[in-house]
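# Descriptive structure summary
Below, each chain spelled out in residue letters.
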Amino acid sequence: MKTKTNPPNQTLGYWAVEAIQKHLEKVISHESEVLKDDNPEELHQMRVGMRRLRSAIVGFAPVLDLPESAEDEKIGKMARRLGTLRDLDVLLETLQNHYYSQLPPSEQETLDKILINLVKQRHKAFRLVEWTLDHKTYKKLKEDLQDWLQEPRFTPLEKLPIDEVLPDLLLPQISQLFLHPGWQVGETQSKLHSLSSETLEEILNQQGNFLHSLRKQVKRVRYQMNLFTDFYSSKYSAYLEDVKAIQECLGDIQDSMVLGEKIAEQIPSKINSKLPIFIDLLAKSRYQSWQKWEELQRRYLKAETRHQFRLELLHPITRIGNKEVDS
């Protein structure tokens, strides 16, 4: 219903539809190229679209009345299959284009055998993606969401002004982020002295799962915050850039750990003797990423930083005509 105080394009329901339509279109637009399997970037973009679609559905859940086929877990299962293939693409690209040339011939020979096995794994993962995109579950998701977009169904919250409810949408995710135990990983040791590479490896072996979980929460926050950049000031964009940087630092650490684990699966009891230089390069990469992460960790462990972040979320910008005013 159009009113003077609450035009349709400023309602919670309107922005929910906008987000779902945008991300569904992105998913579908890359589908045919993914099945051709010529360009890894197509898979990456489809995976991003799927994750953002899932994030929009979760973020706008209080207002949405979606079909059963669009449940979060069902989309998550499809996204994970795309993710398995994407992870193997990244793994192969990193090994071949970054590390391979830095290794001596003896380690390159060992890596050649591992690369062959990874290519075989990728072939199986691609077949699973093919099957997934041809399966009725995926087809029904597309069809049902396209039908829903023609006639959206909502809860009674549909007509709430978006700028009034944004803090309620964003703050729960931010609270989960700030309360995550991953922020404490290595914090005690860093206070006492600068971490050595050896100490870092011990910390990651014992608590790396917390950082991996933190990265997932950071990614959810980033996707959700991306939906609402039009409603906040430049301070909001600066916090979003921090979130992106945190995701990238933690992602680099996690990718390096996964890479080492994947290689170790191929030669479980011999990796240190067979690939000593490769293992050392991985450790150096993790240490460099950790130093970048430490700066962000220190900043966001400060109560004042978190307080200012929350305050920014409490003050969206209301648009009246072409003017902007703080709500």
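Up top is the structure.
All of these numbers come straight from a predicted model, not from anything done at the bench.

What follows is about the packing of aromatic side chains. Under the counting rule described, the total for this entry stands at twelve aromatic pairs. Both rings, one in Tyr-232 and one in Tyr-236, keep their centres 4.3 Å apart while their planes meet at 5 degrees; by these two values the pair is stacked. With respect to burial, Tyr-232 and Tyr-236 carry one shared label: buried. Three or more aromatic residues joined by ring pairs form one cluster here, namely Phe-178, Trp-183, Tyr-239, Trp-293, Tyr-300 and Phe-309. Its end group placed over the ring of Trp-183, Arg-306 keeps NZ or CZ at 5.4 Å from the ring centre.

Computed from the structure, the largest pocket encloses a volume of approximately 1,600 Å³. Along its surface, the largest pocket is lined by 46 residues, and Arg-47, Arg-51, Asp-87, Arg-215 and Lys-219 are the ones closest to its centre. Listed by contribution, the elements that provide at least two residues to the lining of the largest pocket are α2 (40-59), α3 (72-99), α8 (197-226), α9 (234-266) and α11 (276-300). Each residue belonging to the lining of the largest pocket can be placed in one class, and the counts come to ten nonpolar, 16 polar and 20 charged. Lining the second largest pocket are 17 residues, with Glu-201, Asn-205, Ile-279, Ala-283 and Arg-286 positioned closest to its centre. Listing elements by their share of the lining of the second largest pocket, those giving two or more residues are α8, α9, α10 (271-274) and α11. Sorting elements by how many residues they give to the lining of the second largest pocket places α11 first, with six residues.

Quick look at the packing of α2 against α8 now. Contact pair α2 / α8: the axes reach a minimum separation of 9 Å and the direction vectors enclose 80 degrees. By the angle class used here, α2 and α8 are roughly perpendicular. Judged by residue contacts, Val-48, Arg-51, Arg-52, Ser-55 and Gly-59 of α2 engage Lys-219, Arg-220, Arg-222, Tyr-223, Gln-224 and Asn-226 from α8. Its residues placed into classes, the contact of α2 with α8 shows two nonpolar, four polar and five charged.

With the rule as written, the count across this model stands at one cavity of 30 Å³ or more. Approximately 60 Å³ is the volume attributed to the largest cavity. If you go around the largest cavity, the residues you meet are Glu-33, Val-34, Asp-37, Asp-38, Asn-39, Pro-40, Glu-42, Leu-43, Leu-85, Asp-89, Arg-122 and Phe-126. Of all the secondary-structure elements, those providing two or more residues to the lining of the largest cavity are α1 (12-36), α2, α3 and α4 (105-134).

Take the packing of α9 against helix α12 (residues 303-313) next. For the pair α9 and α12, the least separation of the axes is 10 Å and the interaxial angle reads 125 degrees. Accordingly, the angle class assigned to the pair α9 and α12 is oblique. The handedness of the crossing between α9 and α12 is left-handed. For the pair formed by α9 and α12, the contact residues are Lys-235, Tyr-236, Tyr-239 and Val-243 on the first element and Thr-305, Gln-308, Phe-309, Glu-312 and Leu-313 on the second.

Here the focus is the environment of Thr-94. Residue placement: Thr-94 occurs in helix α3. Between the alpha carbons of Thr-94 and Asp-255 there is a distance of 9.7 Å; along the sequence they are 161 residues apart. With residues near it in sequence (within four places) discarded, Thr-94 still touches Tyr-99 and Leu-259.

Now for the environment of Val-243. As for its position among the elements, Val-243 is in helix α9. Expressed as a C-alpha distance, the spacing of Val-243 and Met-225, which sit 18 residues apart in the sequence, is 9.4 Å. Here Val-243 is in contact with Val-218, Val-221, Arg-222, Met-225 and Phe-309, once residues within four sequence places are set aside.

Let us look at the pattern of salt bridges. Under the defined criterion, the tally for this structure stands at 18 salt bridges. The partner of Arg-47 in a salt bridge is Asp-87, with the nearest N and O atoms 3.6 Å apart. Within this pair, whereas Arg-47 is found in helix α2, its partner Asp-87 is found in helix α3, the two being separated by 40 residues in sequence. Accessibility expressed as a relative area gives 13% for Arg-47, which makes it buried. Bridged by salt links that share partners, the residues Arg-54, Asp-72, Glu-73 and Arg-80 form one connected network.

With 90 residues, the main nonpolar core has Phe-60, Met-225 and Trp-293 as its most contacted residues. Broken down by element, this core gets its largest block of residues, eleven residues, from α9. Non-local contacts of Phe-60, meaning those with residues more than four positions away in its chain, are made with Leu-12, Trp-15, Ala-16, Ala-19, Leu-169, Leu-227 and Phe-228.

With that out of the way, let us pick up α11. End to end, α11 covers 36 Å across 25 residues, agreeing with the expected 36 Å (1.5 Å per residue, within 8%). Phe-278, Leu-281, Leu-282, Ala-283, Arg-286, Ser-289, Trp-290, Trp-293, Glu-294, Leu-296, Gln-297 and Tyr-300 are the residues of α11 that are buried.

Conventions we followed
Residues numbered from 1 in each chain as written. Predicted model: local features only at pLDDT ≥ 70, side-chain atom pairs only at ≥ 80, totals over all residues. Heavy atoms only, no water. Phe/Tyr/Trp six-rings, centres within 6.5 Å; stacked < 30°, edge-to-face > 60°. Buried < 20%, exposed > 50% of the residue type's maximum accessible area, 1.4 Å probe, protein only. Lys NZ or Arg CZ within 6 Å of the ring centre and 35° of its normal. 1 Å grid on protein atoms, 1.4 Å probe; cavity = no way out; pocket = protein on both sides within 12 Å on 5 of 7 lines; lining within 4 Å. Points joined across faces, edges and corners; volume = space filled by probe spheres on them. Helix = DSSP H or I, 4+ residues; strand = E, 2+ residues; numbered from the N terminus. Nonpolar A, V, L, I, M, F, W, Y, C, P; charged D, E, K, R; others polar. Axes fitted to C-alpha atoms, helices over the stretch in contact; angles between N-to-C directions. Parallel < 35°, antiparallel > 145°, perpendicular 65-115°, else oblique. Contact = heavy atoms within 4.5 Å. Left-handed = near helix turned anticlockwise from the far one by under 90°. Salt bridge = Lys/Arg side-chain N within 4 Å of Asp/Glu carboxyl O. Core = buried A, V, L, I, M, F, W, Y, C linked by side-chain atoms within 4.5 Å. Expected span 1.5 Å × (residues − 1).

Fair warning: the whole summary comes from geometry, so function is off the table for now.
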